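Structure at a glance
Residues per chain are reported as follows:
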Amino acid sequence: KAGVTQTPRYLIKTRGQQVTLSCSPISGHRSVSWYQQTPGQGLQFLFEYFSETQRNKGNFPGRFSGRQFSNSRSEMNVSTLELGDSALYLCASSMGQVSGGKNIQYFGAGTRLSVL
Amino acid sequence: GESVGLHLPTLSVQEGDNSIINCAYSNSASDYFIWYKQESGKGPQFIIDIRSNMDKRQGQRVTVLLNKTVKHLSLQIAATQPGDSAVYFCAENPRGGTSYGKLTFGQGTILTVHP
């Protein structure tokens, strides 16, 4: 069974530009969550999509947005990039519904975004 | 907001030793906890999980202990191997509603295993 796939793996952008990152979840998973990882802030939750609807949202500005398609693939977009947006962006997929009190999230390798 | 934090940022052990990584959490409403391992250049990898109605769970070479009284979580790795060298994160999932897809992570502990 294929794991979570994120593309591209690396991205270099300049301030003010926008970027779109893609995530293909594990087959059968309906939930996709996005996280930002930086040395200073660690792993922080951005948002979660379930059945094409944003179900949870973290404390990030409106420049960060996402969407999910009917095949559960998800994209996240960051507009008007700032230097501080440089980070590893991780996508995780899960069944999205608690089963036996659990909802294990499986992560992709991430997209490394550098903003110059 | 409430978050999950780790006591020790680094841990160095000799190959074959047992390792213990600790985590303190502050959200008493959390009812599900996960340990992840992250190697350089990779995303977090699921190791083991535990629900709040349990105080211990064992996997292959790993054991997670949960003490709800003091809001403390630990990961024990038996016979630590060089391949166990990585950053270890604890994460919590708050109870109820539809927060299933939202995890709050601790800062992480760097485990280094010396041959």
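Above this note sits the structure.
A few points on the structure.

Thresholds applied
- Residues numbered from 1 in each chain as written.
- Chains lettered and ligands numbered in written order.
- Predicted model: local features only at pLDDT ≥ 70, side-chain atom pairs only at ≥ 80, totals over all residues.
- Heavy atoms only, no water.
- Pairing = 2+ DSSP bridges.
- Helix = DSSP H or I, 4+ residues; strand = E, 2+ residues; numbered from the N terminus.
- Buried < 20%, exposed > 50% of the residue type's maximum accessible area, 1.4 Å probe, protein only.
- Core = buried A, V, L, I, M, F, W, Y, C linked by side-chain atoms within 4.5 Å.
- Salt bridge = Lys/Arg side-chain N within 4 Å of Asp/Glu carboxyl O.

What follows is about the pairing of strand 8 (residues 72-77) of chain B. Residue and element names in this part refer to chain B. In this sheet, strand 8 lies alongside strand 3 (residues 19-25) in antiparallel orientation, the contact comprising 6 bridges. Each bridged residue has a counterpart across the sheet, and for Ser-19 the counterpart in strand 8 is Ile-77. Two strands pair when backbone bridges link them, and strand 7 (residues 62-67) and strand 8 are joined in this way by 6 bridges, in the antiparallel orientation. The residue of strand 8 that forms the bridge with Val-64 is Leu-75. Linking strand 7 back to strand 8 in an antiparallel pair, the connection comprises 4 residues, with Lys-71 at a positive phi of about 55°.

Our focus in this paragraph is the environment of Ile-48 of chain B. With respect to the helices and strands, Ile-48 of chain B occurs in strand 5 (residues 45-51). Overall, Ile-48 of chain B belongs to the buried group, its relative accessible area being 4%.

On to unusual backbone geometry, then. Each neighbour pair has its own omega, and for Thr-7 of chain A with Pro-8 of chain A the value is -10°, a cis peptide bond. Take Pro-8 of chain A: it is sitting in the loop between strand 1 (5-7) and strand 2 (10-13). The phi dihedral of Lys-71 of chain B falls on the positive side, at around 55°, and the residue is not glycine. The residue Lys-71 of chain B is located in the loop between strand 7 and strand 8 in this model. The exposure class of Lys-71 of chain B is partly exposed, given its relative accessible area of 29%.

Turning our eyes to something else, we now look at the nonpolar core. Core analysis: the largest hydrophobic core is formed by 21 residues, its most contacted members being Trp-34, Leu-46, Phe-64, Met-76 and Tyr-89 of chain A. Core analysis: the next-biggest nonpolar cluster, separate from the first, contains 20 residues, Leu-11, Val-13, Leu-73 and Tyr-88 of chain B among them.

Moving on to the pattern of salt bridges. Residues and elements named next belong to chain A. A full pass over the atoms with the stated rule returns 8 salt bridges over all chains. A salt bridge links Glu-48 to Arg-55, with the nearest nitrogen and oxygen atoms 2.6 Å apart. Each member of the pair, Glu-48 as well as Arg-55, carries the same accessibility label: buried. Two residues, Glu-82 and Arg-63, come together in a salt bridge whose shortest N-O distance is 3.6 Å. Note that Glu-82 is positioned in the loop between strand 8 (74-78) and strand 9 (87-94) and Arg-63 in the loop between strand 6 (53-57) and strand 7 (64-68), a separation of 19 residues in sequence. One network of salt bridges, with partners in common, ties together Arg-63, Glu-82 and Asp-85.

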